[in-house]
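Residue-level listing of the chains:
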Amino acid sequence: MLNPKPEHSIIGKLDKIIKELGLLDKVKGKHVFIKIHLGQNIGFSNIHPFITGYIVRKIKEAGGKPFLVDIFEQIDKAVLRGYTQEVIGCPIYPVAGPKDTYYVEKKVYYKNLDVIQMGGFCKDADILVDLSHVKGHNMAGFGAAIKNLALGCYTQKTRFAVHRTTQYDKYWFPEKCRDPVKTALKLVEACPHRAIRYDKGRFRVIFERCNQCMRCKLVDDENCLLIQRKNFESFFEAMAITAKYVLDHYDEDSRFFINIALDITEYCDCWGFTTGNILPDLGVLGSTDILAIDKATLDLLKDKPLIKENVSRSLEINDNPKLHPFARVHGPWKDPYLQIWYGEKYGLGNPDYELVEVNPPGPWKSEKLPKPRFPESLQLY
Ligand code: SF4
């Protein structure tokens, strides 16, 4: 009979993964930028500080000089989640400094996104370690390696602008309505997810809340509102653009990606609270390619059972079996594979991968054993 061994545990496997990726061979004398998402408010499902501290310790033992980086809003209270220099073993910086003003710019001219501002700390290193918590996301379908860089390496101004790309393509056509105010109010009323707002003459769909149920269209007999893919997909394309700019600061052989697929909740850690897990834990994944790791993570989760009991009642579960579990919760046009699709379009990496399980515990040898003869259940209550 097999006894559980440390090397088969999460950290045992993580240890093997970071060695096999070649990370520790590269870091000697180098500054190592570790991008992480620290979470906020009363959330605690971000990456456990022990995991992060373990990686930091290994990098330091190998002669590297690591530092952690996240957006400035998440730094102050990170201590409440155990993220202190004493626990982690290295400094923790805001991406663009305490005033969010230390950044490098790039002109991209994508919809409303003219210029992007990447935090200066994201470039001040030789090696990139993109350490991501895998979870659902109400605009990107899911968040992992791509999203950790695409949003998490940027100033607040750029992050907000990335979200606003969803508003760029026109979707409200009051000129088609006999009575635009009446129609707008009717649409507000029809949306069970409170994704439609009408205030002081301004009509707005909050795409972050919209799960594309199309109930609004049932009452839109004049076709004044368009719920269309391109508003949703703008976010994915903008993410590919911003993630690419971060990657461009590092040589291909200096990029490392680690996805921690534990505590997979329905929302991003930036929501500031923790709900139940909506998918089973996968463990730890590692790669030197950002698309391979996120694609493999999605593929491994694709056929896992959605834990419906843990999905918040404010969300609506779509039972279409063709959808990825994240899209069953956030909507078909928030298909998380769109991150891979746009990632390929912008040359972020290669989504092809070979899955190698590290430290497999070995097969269960039940067929060689006599049939078990467990005692009856105690049935105490
Ligand atoms: S599609 Fe559904 S969720 Fe989206 S705005 Fe219309 S009613 Fe609301």
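If you're wondering where the values come from, they're calculated on a predicted model, not measured in any experiment. Position numbers for residues start from 1 in each chain and track the written sequence from start to end. Owing to the predicted nature of the model, reporting of local features is limited to residues with pLDDT of at least 70; listing and counting of side-chain atom pairs is limited to 80 or more, with chain, interface and lining totals taken over all residues.

*Asks:* Please explain the domain arrangement of the protein as it appears in this structure.
*Replies:* Frequently, the measure chosen for interface size is the accessible area removed from exposure when the parts meet. By domain assignment, the protein separates into domain 1 (9–165 + 230–345) and domain 2 (170–227). An automatic or database domain assignment supplies the residue ranges for each domain. Each of domain 1 and domain 2 was reduced to a C-alpha centroid, and the two centroids are 33 Å apart. With 9 residues of domain 1 at the interface, the matching set in domain 2 holds 7 residues. A class-by-class count of the residues in the side of domain 1 that touches domain 2 yields 4 nonpolar, 4 polar and 1 charged. We call two residues in contact if the C-beta atoms placed from their backbones are at most 7 Å apart. For this classification, Asp, Glu, Lys and Arg are treated as charged, while Ala, Val, Leu, Ile, Met, Phe, Trp, Tyr, Cys and Pro are nonpolar and the rest, including Gly, are polar.

*Asks:* Which parts of the structure should I look at to understand the sheet that holds strand S3 (residues 92–94)?
*Replies:* Across a sheet, paired strands are connected by hydrogen bonds in the backbone, their directions being either parallel or antiparallel. Strand order in this open sheet of 6 strands is S3-S2-S1-S6-S11-S12, and the pairing throughout is mixed. In the strand order of this sheet, the two ends are held by S3 and strand S12 (283–287), each with one partner. Across the sheet, the mean angle from the axis of one strand to that of its neighbour is 25°, orientation sign disregarded. Where strand S2 (residues 65–70) meets S3, 3 bridges bridge the pair, whose relative direction is parallel. Opposite Val69, over in S3, you have Tyr93 as the bridge partner. By definition, two strands form a pair when at least two bridges between them are found by DSSP. Under the DSSP-based scheme used, a helix requires at least four consecutive residues in state H or I and a strand at least two consecutive residues in state E, with every element numbered from the N terminus. Only the stretch in contact is used when a helix axis is fitted, and all axes are lines through C-alpha atoms; the angle between N-to-C directions ranges over 0 to 180 degrees.

*Asks:* I keep staring at the environment of Ala195 and nothing clicks. Help me out?
*Replies:* Relative to the helices and strands, Ala195 resides in the loop between helix H7 (180–190) and strand S9 (196–199). Separated by 149 residues in sequence, Ala195 and Asn46 have C-alpha atoms that sit 27 Å apart. In this structure, Ala195 is in contact with Val205, Ile206, Arg209 and Cys210, ignoring residues within four places of it in sequence.

*Asks:* For this particular structure, what's the right way to read the site of the ligand?
*Replies:* Think of it this way: take the backbone, place a C-beta atom on it, and check whether that atom is within 6 Å of the molecule or strand, in which case the residue is near it. Inspection of the region around the ligand gives 14 residues, with Cys191, Ala195, Cys210, Cys213 and Cys216 positioned closest. Taken together, the residues of the shell around the ligand break down into 10 nonpolar, 3 polar and 1 charged.

*Asks:* Please explain the nonpolar core as it appears in this structure.
*Replies:* Soluble globular proteins tend to pack their nonpolar side chains together in the buried interior. Note on terminology: a nonpolar core is a set of buried residues of type Ala, Val, Leu, Ile, Met, Phe, Trp, Tyr or Cys, with members joined through C-beta atoms within 7 Å. With C-beta atoms placed from the backbone, a residue counts as buried when 20 or more other C-beta atoms lie within 10 Å of its own, as exposed when 12 or fewer do, and as partly exposed for counts between those limits. In terms of nonpolar packing, the biggest core is built from 102 residues, with Phe33, Val129 and Met239 touching the most fellow members. For this core, the element with the most residues is helix H9 (residues 229–247), which contributes 10 residues. Of the domains in this structure, domain 1 (9–165 + 230–345) and domain 2 (170–227) are the two that each give at least three residues to this core. If we skip the residues at most four places from it in the chain, Val129 touches Leu23, Val32, Phe33, Ile34, Phe256 and Ile258.

*Asks:* Just checking my understanding: could you explain the pairing of strand S1 (residues 31–35) for this structure?
*Replies:* Side-chain direction in a regular strand flips from residue to residue, so the side chains alternate between the two faces of the sheet. When you tally the buried positions in S1, you get 4 out of 5 residues, the bulk of the element. Taken together, the 5 bridges between S1 and S2 define a ladder with parallel strand orientation. Paired with Val32 across the bridge in S2 is Pro66. Throughout, right-handed denotes a crossover for which the path from the first strand over the helix to the second runs clockwise when the strands point away from the viewer. At this point the chain moves from S1, through helix H3 (residues 49–61), to the parallel S2, and the crossover so formed is right-handed. Sheet topology places S1 next to strand S6 (residues 127–133); 4 bridges connect them, and they run parallel. Looking at the pairing, Val32 lines up with Ile127 of S6.

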